[in-house]
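# Fold and contact review
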Amino acid sequence: MKQQISTRKLVTAALMAALTVIGSALRITLPLQIGSTTSFHLGNIMCALSGILLGPWLGGLAAGLGSAIYDMTNPAFIEVCWITFVTKGLYGVAAGLVLWSGHKKLTYPKAILASAAGAVLYAVLYLAKGYYYDGIFKQGLTEAAAWLTVLGKVPATVFNAVVAIVFAPILAIAIHKALERNHLTLE
């Protein structure tokens, strides 16, 4: 039997993609000494929240699209928007898989685990991209220089992950309670 996506869920996915664009734009960019940049931003909160609220596939699509759209608005990132679509999409997929596996009941501990799973997966993918794509492939850096670039990205990556792990579950619970109070669901 083919499952249909409700209008409410589709509109929520579009809203989450738009909020991901906005969260990604709210950033402080730090230039690194060796050929790259890194940023503190709020986009990861929305990526985790997308997966938590919408499930792995629609949440992953919203997270990936919103992040890629942000990249397309910034000349510094437009060439890697396809990588961002995949990596941030997987952020939402991971969060959604953890939350939506087994019981679909949203609890605060499960939302924290979902957000943490997405954050850890994304951090690994982002740092690997920094090493292989940005460092070795694009800039032709030596392995040591590529590792230095990755090390420069670690503080902001960890900060962004922790912020998402803390705030995405809080927002998810608040949104879920507001929906319940108004007799609404995303199903």
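Residues numbered from 1 in each chain as written. Predicted model: local features only at pLDDT ≥ 70, side-chain atom pairs only at ≥ 80, totals over all residues. Heavy atoms only, no water.

Turning our attention to the overall build of the protein chain. Looking only at helices and strands, the protein chain has six helices and two strands in total. In the protein chain, the succession of α and β elements from N to C terminus is α-β-β-α-α-α-α-α. Reported as C-alpha extents along the three principal axes, the dimensions of the protein chain are approximately 55 × 30 × 30 Å. For the protein chain, the proportion of its 187 residues judged to be buried stands at 47%. Nonlocal contacts in the protein chain, meaning residues at least 24 apart in sequence, comprise 70% of its contacts between residues at least 6 apart. Just so you have it, the protein chain exposes about 9900 Å², and 73% of that area is on carbon and sulfur atoms. In the protein chain, the 13 positive side-chain charges and the 6 negative ones have mean positions that sit 11 Å from each other. (Helix = DSSP H or I, 4+ residues; strand = E, 2+ residues; numbered from the N terminus. Buried < 20%, exposed > 50% of the residue type's maximum accessible area, 1.4 Å probe, protein only. Contact = heavy atoms within 4.5 Å. Areas by Shrake-Rupley, 256 points an atom, 1.4 Å probe, with all protein chains shown as cover. Lys, Arg positive; Asp, Glu negative; His and termini not counted. Charge placed at Lys NZ, Arg CZ, Asp CG, Glu CD.)

Below, the discussion takes up the packing of aromatic side chains. All chains considered together, the criterion is met by seven aromatic pairs. Centroid distance Tyr91 to Tyr122: 5.6 Å. Interplanar angle 35°. Geometry classified as tilted. Of this pair, Tyr91 sits in helix α4 (residues 81–100) while Tyr122 sits in helix α5 (residues 108–138), placing them 31 residues apart in sequence. Under the relative-accessibility criterion, Tyr122 is labelled buried at 10%. Ring centres of Tyr131 and Trp147 lie 4.7 Å apart, and the angle between their planes is 40°; on these two criteria the pair is classed as tilted. Of this pair, Tyr131 sits in helix α5 while Trp147 is found in helix α6 (residues 143–181), placing the two residues 16 residues apart along the sequence. On the basis of relative accessible area, Tyr131 is assigned to the buried category, the value being 8%. Among the aromatic residues, those joined into a cluster by ring pairs are Tyr91, Tyr122 and Tyr126. The ring of Tyr122 has Lys88 sitting right over it, with the charged end atom 4.4 Å from the ring centre. (Phe/Tyr/Trp six-rings, centres within 6.5 Å; stacked < 30°, edge-to-face > 60°. Lys NZ or Arg CZ within 6 Å of the ring centre and 35° of its normal.)

As a further point, take the nonpolar core. Taken as a class, soluble globular proteins show a tendency for nonpolar side chains to be buried jointly. Core analysis: the largest hydrophobic core is formed by 32 residues, its most contacted members being Met16, Ile52, Leu53, Leu54, Tyr91 and Leu106. At the level of elements, α1 (7–25), α2 (43–54), α3 (56–72), α4, α5 and α6 are the ones that each hand at least two residues to this core. With eight residues, the top contributor of residues to this core is α2. Every residue in contact with Leu53, bar those within four places of it in the chain, is listed here: Met16, Trp100, Ala172, Ile175 and Leu186. Membership of the second largest hydrophobic core comes to five residues, among which are Phe77, Val80, Ile83 and Tyr133. (Core = buried A, V, L, I, M, F, W, Y, C linked by side-chain atoms within 4.5 Å.)

This paragraph deals with the layout of surface pockets. If you add up the space inside the largest pocket, you get close to 590 Å³. What lines the largest pocket is a set of 36 residues, among which Thr37, Phe77, Tyr126, Lys129 and Lys153 lie closest to the centre. Going through the elements one at a time, β1 (27–31), β2 (37–41), α3, α4, α5 and α6 are the ones with two or more residues in the lining of the largest pocket. Top contributing element to the lining of the largest pocket by residue count: α5, with eight residues. (1 Å grid on protein atoms, 1.4 Å probe; cavity = no way out; pocket = protein on both sides within 12 Å on 5 of 7 lines; lining within 4 Å. Points joined across faces, edges and corners; volume = space filled by probe spheres on them.)

Our focus in this paragraph is α3. Three or four residues apart is the spacing at which side chains of an α-helix point the same way, because the helix has 3.6 residues per turn. The end-to-end C-alpha separation of α3 is 24 Å, in line with the 24 Å expected for 17 residues at 1.5 Å each. Across the 17 residues that make up α3, a large majority, twelve, are buried. Packing partners of the buried residues in α3 comprise α1, β1, α2 and α4. (Expected span 1.5 Å × (residues − 1).)

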